[in-house]
2 protein chains.
Amino acid sequence: MTENKYADDVYTGATEIAGGRLIRSQGVTSPAGFRAAGIPAGIKISGRQDLALVVNEGPELTAAGVFTMNKVKAAPVLWSQQVLKSGSLRAVILNSGGANACTGAGGFQDTHATAEAVADALSNWGTETGAGEVAVCSTGLIGDRLPMDKVLSGVQEIVHELAGGISGGTDAAYAIMTTDTVPKQAALHHADKWNVGGMAKGAGMLAPALATMLCVVTTDAVATAEQLDTALRHASRLTFDRLDVDGATSTNDTVLLLASGASGITPSQDDLNAAVLAVCDDLAEQMMADAEGVTKRVTVTVRGAVSEADALIGARTVARDSLVKTALFGSDPNWGRVLAAIGIAPIELDPDKISVSFNGNPVCIDGVGAPGAREVDLSAADIALDIDLGLGDAQVSIRTTDLSHAYVEENSAYSS
Amino acid sequence: MTENKYADDVYTGATEIAGGRLIRSQGVTSPAGFRAAGIPAGIKISGRQDLALVVNEGPELTAAGVFTMNKVKAAPVLWSQQVLKSGSLRAVILNSGGANACTGAGGFQDTHATAEAVADALSNWGTETGAGEVAVCSTGLIGDRLPMDKVLSGVQEIVHELAGGISGGTDAAYAIMTTDTVPKQAALHHADKWNVGGMAKGAGMLAPALATMLCVVTTDAVATAEQLDTALRHASRLTFDRLDVDGATSTNDTVLLLASGASGITPSQDDLNAAVLAVCDDLAEQMMADAEGVTKRVTVTVRGAVSEADALIGARTVARDSLVKTALFGSDPNWGRVLAAIGIAPIELDPDKISVSFNGNPVCIDGVGAPGAREVDLSAADIALDIDLGLGDAQVSIRTTDLSHAYVEENSAYSS
């Protein structure tokens, strides 16, 4: 895991991890065999980039995906789940400016028509493609139909903009942004000459199981759909599923992993898992840092639990507690609220064995306040909240944020 | 149930309900046989009233209580649960200015010493009392020991201030306030010449099962401890357990019901249930209206559920959703967030059968937006959010509030 790699807010630099070199500012076109583009198609009223396309040029087209666990699923989620049953994807078309959720049968037809248009355009461009090889992702306001004239003319245009290298992926990363303030990309160049790249958007509704997020990860490794599925589920469970800004789960969450096999290298499952995990972990960290209204980047760790499941529930309960989150916004080491929050988690605990620290400073030992607890300085942007249940060996960390005026402002001032 | 009885924020007026007349501004000393007092004992730095005492002068001393379900329980909760096993209480001593939670063995000794002091003071005053007949309630910041010199001298003083009628109860209601802006009282005068009166405090941490709250309800009816327990659990389940401001549950929640039998009237269990319910319901409504940072009083109703349990979980999930709550703060009829919120509730639902209305205006019908949905006016302070799952007959309403700048301010600006 790659916590606190960056001392400031600039997403740059490189890290040695998972047998390779992780670089921010490179994304889905970093692995060989992928091209991408992002354009303004007029879906967003602002006129900003709002349509992205990622194309796998092969030679292989294996793919895997994980989707929102919300029972209310957007049309593009229902579509993409269906096409992914084949374990194969040629392309992913993504739009911001509208979620196409709660739009009924008409909305599903819009998604289908979009996939058809992408397939036709790619076929005309020389890459024979069927609609069933095209995943669709949408993000934005729930409940409105998409302006399909703009989407379809955008599809015609975007295939002409496809590019490899850094530019295509970066354009795509910009085009999927909603309330994100920065694009989010990461690429891992493995020492064995294969690569993994990813882009993500997600700034609010970051949630229990999958943040509100669209994420496309690519690799030029050779891997079966099953191997990709294993690697993606492993990574999601440890990264996106442990990012919880406000307990909300989107109707549109989608994470896709596409492999081109263009490197000719077949990594072991462990190496593939580690590389995909490193990229997803970095993207999750970027999403936390850019969450709506964030002024504190908070890692809640529950250790000493009797099981990983208990540690996860405990950490999530504290990470979602509004009173803990507002205290952290106020840089207030109000550990009593942490005890009150963990105390309602449906897990095994003994109130007299709970110890709490902020940034390594003990504030509560065996259920009782520690000397100097009220004076701990939490004025910096990064806060590590550590809760030791004192019962077992299991440990889980959840990334979250504070609850700030800016969060309220951003989520009340307009429909998003 | 008594929703929206009051068109404005002034807690006055009377309502015919439960076979009697409900009046705000009268509280625990409204029934015969009770005296109460509230004084400034110096526990709060502000110098405001912070110590309250309610005494049952009999002839009967039956009592019942419900307590926080938080596993982290404050010392006074542990004490009061223990003494209530007898089904009998002479007095309740309550302090604001400190929760006496997470204070270890020393904190429990402080609670015990407080009960002993009350028993001694009442005995010296001519009412023979044992410490085991005195419940203790505390509210305020978690984690600090109480200033026991002030508590104990306050106990000596407060017995001299005990009074019946309106004044004693009102003084007590003021003394238990923390971030409450108004005292909360309600009394029901039954047509059959018996009475129920109550006071409560609670403005934040209002929660899943019991709001953060202290509440004392008294009656001059003749009733056994078992009958009181039945009436109190029935009322709590339908009122305090359905008030959910921020999903947090306090370490100190306590609701007590004491009966003096002074009226000589023995009501039926149904009549007792109805009267206690009416008083608790009114107090819960007052707590919602005075919740920390409230700008909207919101009732979330889930109907058409397959079971009451499902309706309750669904309503609670929506009532706690930060994105729904911030939208309501912004008077934004953003029904897509309501769909996204209900979609993560672990209940039976069919996305294509869900309909939503705000204040009676349909905004979503069978999972799809209704015409004019974005134009619904939510600028008034009261919002009824109605979600019909279209599956069955069960229905539950939860009272909640919006998530406002004032909530963030109040909970981040100082330790509380």
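Predicted model only: the values in this text are computed from it and were never measured.

1. Here we look at the sheet that holds strand β3 (residues 34–39) of chain B
Residues and elements named next belong to chain B.
So, step 1. With mixed pairing, 4 strands are arranged side by side in an open sheet as β3-β4-β6-β7. Only two strands of the sheet have a single partner each, and these edge strands are β3 and β7 (134–138). The mean angle between the axes of side-by-side strands here comes to 10 degrees, regardless of whether they run parallel or antiparallel.
So, step 2. Pairing between strand β4 (residues 51–56) and strand β6 (residues 91–95): 5 bridges, direction antiparallel. From the neighbouring strand, L53 faces β6, where its bridge partner is I93.
So, step 3. Helix-sheet contacts for helix α2 (residues 104–124) involve β4, β6 and β7, and the interaxial angle to β7 is about 130 degrees.

2. Examining the domain arrangement of chain A
Residue and element names in this part refer to chain A.
So, step 1. Here chain A is described as being made up of domain 1 (14–290) and domain 2 (297–411).
So, step 2. With centres defined by C-alpha atoms, the gap from domain 1 to domain 2 works out at 33 Å.
So, step 3. Counting residues at the interface gives 15 residues for domain 1 and 16 residues for domain 2.
So, step 4. Interface area for domain 1 against domain 2, summed over the two sides, is near 1400 Å², with a carbon-plus-sulfur share of 46%.
So, step 5. Summed over the three residues of domain 1 that lose the most area to domain 2, namely R242, D244 and M288, the buried surface amounts to 50% of that side.
So, step 6. Across the salt bridge formed by E308 and R242, the nearest N and O atoms sit 2.7 Å from each other.
So, step 7. Between the two partners, domain 1 and domain 2, sit 5 residue pairs in polar contact (both at pLDDT 80 or more).
So, step 8. The leading source of residues in the side of domain 1 that touches domain 2 is helix α6 (residues 269–289), at 5 residues.

3. With respect to the UniProt feature "binding site: substrate" (unreviewed entry) in chain A
All names here are of chain A.
So, step 1. The positions UniProt marks with the feature "binding site: substrate" (unreviewed entry) are T178, K201, T212, E292, N411 and S416.
So, step 2. Along the chain, N411 falls in helix α10 (residues 405–412).
So, step 3. Of the residues examined, N411 reaches a relative accessible area of 1% and is grouped as buried.

4. Remarks on the interface of chain B and chain A
So, step 1. Listed per partner, the contact involves 53 residues of chain B and 53 residues of chain A.
So, step 2. A per-residue breakdown of the area chain B buries against chain A is headed by K71, L323 and H405 of chain B, which together make up 15% of the total.
So, step 3. Inspection of the chain B/chain A interface yields 2 salt bridges.
So, step 4. Linking chain B to chain A there are 15 residue pairs in polar contact (both at pLDDT 80 or more).
So, step 5. At the level of secondary structure, the elements contributing two or more residues to the side of chain B that touches chain A comprise α8 (322–329), α9 (335–342), β15 (368–369) and α10 (405–412) of chain B.
So, step 6. The dominant element in the side of chain B that touches chain A, judged by the number of residues it contributes, is α10 of chain B, at 6 residues.
So, step 7. Residues of the side of chain B that touches chain A, tallied by class, amount to 24 nonpolar, 21 polar and 8 charged.

5. Points about the pairing of β4 of chain B
So, step 1. For β4 of chain B, a buried count of 6 out of 6 residues is recorded, marking the element as mostly surrounded by other parts of the structure.
So, step 2. Where burial is concerned, the two faces of β4 of chain B agree: the one with L51, L53 and V55 of chain B and the one with A52, V54 and N56 of chain B are both buried.

6. Re the sheet that holds strand β4 (residues 51–56) of chain A
Strands pair in a sheet through their backbones, by hydrogen bonds, and they do so in one of two ways: parallel or antiparallel.
All names here are of chain A.
So, step 1. Across the sheet, 4 strands lie side by side as β3-β4-β6-β7; this open sheet has mixed pairing. Because the sheet does not close on itself, it has two edges, and the strands there are β3 (34–39) and β7 (134–138). Strand-to-strand twist of the sheet, defined as the mean angle between neighbouring strand axes without regard to direction, takes the value 10 degrees.
So, step 2. Seen against the sheet, helix α2 (residues 104–124) touches β4, β6 (91–95) and β7 and runs at an angle of roughly 130 degrees to β7.

7. Section: the relation of the copies chain B and chain A
So, step 1. Take chain B, turn it by 180 degrees, move it 0.0 Å along the axis, and it overlays chain A with an RMSD of 0.0 Å. Considering both components of the superposition, the chain copies are consistent with a two-fold axis. For chain B, the smallest separation between a C-alpha atom and the rotation axis is recorded for H405 of chain B, amounting to 2.8 Å.
So, step 2. Mapped onto chain A, 100% of the interface residues of chain B again fall at the interface, so both copies present the same surface.

8. Quick notes on the environment of R303 of chain B
Residues and elements named next belong to chain B.
So, step 1. In this fold, R303 is placed in strand β12 (residues 297–305).
So, step 2. Taking the relative accessible area as the measure of exposure, R303 reaches 27% and is therefore partly exposed.
So, step 3. Between the C-alpha atoms of R303 and A315, which are 12 residues apart in sequence, the distance is 9.0 Å.
So, step 4. Apart from the residues lying within four places of it in its own chain, the contact partners of R303 are D386, I387, D388, L389, G390, A394 and Q395.

9. Thoughts on the side chain of S236 of chain B
All names here are of chain B.
So, step 1. If you trace the backbone, S236 turns up in helix α5 (residues 225–238).
So, step 2. Note on S236: relative accessible area 3%, which makes it buried.
So, step 3. Not counting the four nearest positions on each side in its chain, S236 is found in contact with V66, D241 and V255.

10. What to know about α2 of chain A
Working note: α-helix, 3.6 residues per turn, so residues spaced by three or four point in the same direction.
So, step 1. Over its 21 residues, α2 of chain A runs 31 Å from end to end, which matches the ideal 30 Å to within 8%, given 1.5 Å per residue.
So, step 2. Just downstream of α2 of chain A lies G126 of chain A, where phi reads positive at about 110 degrees.

11. As for the state of the cysteines
So, step 1. Using the criterion set out here, one finds 0 disulfides over all chains in the structure.
So, step 2. With no disulfide of its own, C102 of chain A lies closest to C364 of chain B among cysteine sulfurs, the gap being 5.9 Å.
So, step 3. Note on C102 of chain A: relative accessible area 9%, which makes it buried.
So, step 4. The cysteine C215 of chain B is free of any disulfide, with C280 of chain B supplying the nearest cysteine sulfur at 5.3 Å.
So, step 5. Given the relative accessible area of 1%, C215 of chain B is considered buried.

12. Some words on empty space enclosed by the protein
Residue and element names in this part refer to chain A.
So, step 1. The tally for this structure, following the rule as stated, stands at 6 cavities of 30 Å³ or more.
So, step 2. Volume-wise, the second largest cavity comes out at about 60 Å³.
So, step 3. Residue lining of the second largest cavity: L51, I93, L94, N95, N100, T111, T114, V136, C137, S138, L146 and V151, and that is the complete set.
So, step 4. Looking at the lining of the second largest cavity, the elements that each hand over two or more residues are β6, α2 and β7.

13. Let's talk about helix α8 (residues 322–329) of chain A
All names here are of chain A.
So, step 1. Within α8, 7 of the 8 residues are buried, which leaves the element mostly enclosed by the surrounding structure.
So, step 2. Of the positions making up α8, those classed as buried are S322, L323, V324, K325, T326, A327 and L328.
So, step 3. At the N-terminal boundary of α8, the capping side chain belongs to D321, with an oxygen 3.0 Å from the backbone nitrogen of L323.
So, step 4. Among the residues trailing α8, S331 stands out with phi positive, at a value near 55 degrees.

14. Comments concerning the packing of α10 of chain A against α8 of chain B
So, step 1. Relative orientation of the contacting elements α10 of chain A and α8 of chain B amounts to 70 degrees, with a least axis distance of 8 Å. It follows from the interaxial angle that α10 of chain A and α8 of chain B lie roughly perpendicular. Contacts between α10 of chain A and α8 of chain B involve Y407, V408, N411 and S412 of chain A from the former and S322, L323, T326, A327 and F329 of chain B from the latter.

15. Things to note about the pairing of strand β10 (residues 214–219) of chain A
Residue and element names in this part refer to chain A.
So, step 1. The buried fraction of β10 is high, at 6 of 6 residues.
So, step 2. Across the two faces of β10 the burial is the same, with L214, V216 and T218 and C215, V217 and T219 all buried.
So, step 3. Where strand β9 (residues 195–201) lies against β10, 6 bridges are found, and the strand directions are antiparallel. The residue of β10 that forms the bridge with M199 is V216.

16. Re unusual backbone geometry
So, step 1. Cis geometry marks the peptide bond from G58 of chain A to P59 of chain A; its omega dihedral reads 20 degrees.
So, step 2. Among the secondary structure elements, P59 of chain A is positioned in the loop between β4 and β5 (62–67).
So, step 3. A positive phi angle, close to 75 degrees, is found at K193 of chain A, a residue other than glycine.
So, step 4. Structurally, K193 of chain A can be placed in the loop between β8 (184–190) and β9.
So, step 5. With relative accessibility at 67%, the residue K193 of chain A sits in the exposed group.
So, step 6. Of note in the backbone geometry, C102 of chain B takes a positive phi value of approximately 55 degrees without being a glycine.
So, step 7. The topology assignment puts C102 of chain B in the loop between β6 and α2.

About the thresholds
- Residues numbered from 1 in each chain as written.
- Chains lettered and ligands numbered in written order.
- Predicted model: local features only at pLDDT ≥ 70, side-chain atom pairs only at ≥ 80, totals over all residues.
- Heavy atoms only, no water.
- Pairing = 2+ DSSP bridges.
- Helix = DSSP H or I, 4+ residues; strand = E, 2+ residues; numbered from the N terminus.
- Axes fitted to C-alpha atoms, helices over the stretch in contact; angles between N-to-C directions.
- Contact = heavy atoms within 4.5 Å.
- Domains from an automatic or database assignment.
- Buried area = accessible area lost by both parts, 1.4 Å probe.
- Salt bridge = Lys/Arg side-chain N within 4 Å of Asp/Glu carboxyl O.
- Polar contact = N/O pair within 3.5 Å; in protein donor to acceptor, adjacent residues only side chain to side chain.
- UniProt positions renumbered as here; feature names shortened; annotations may be inferred.
- Buried < 20%, exposed > 50% of the residue type's maximum accessible area, 1.4 Å probe, protein only.
- Nonpolar A, V, L, I, M, F, W, Y, C, P; charged D, E, K, R; others polar.
- Least-squares fit on C-alpha atoms with pLDDT ≥ 70 in both.
- Expected span 1.5 Å × (residues − 1).
- Disulfide = S-S within 2.5 Å.
- 1 Å grid on protein atoms, 1.4 Å probe; cavity = no way out; pocket = protein on both sides within 12 Å on 5 of 7 lines; lining within 4 Å.
- Points joined across faces, edges and corners; volume = space filled by probe spheres on them.
- Parallel < 35°, antiparallel > 145°, perpendicular 65-115°, else oblique.

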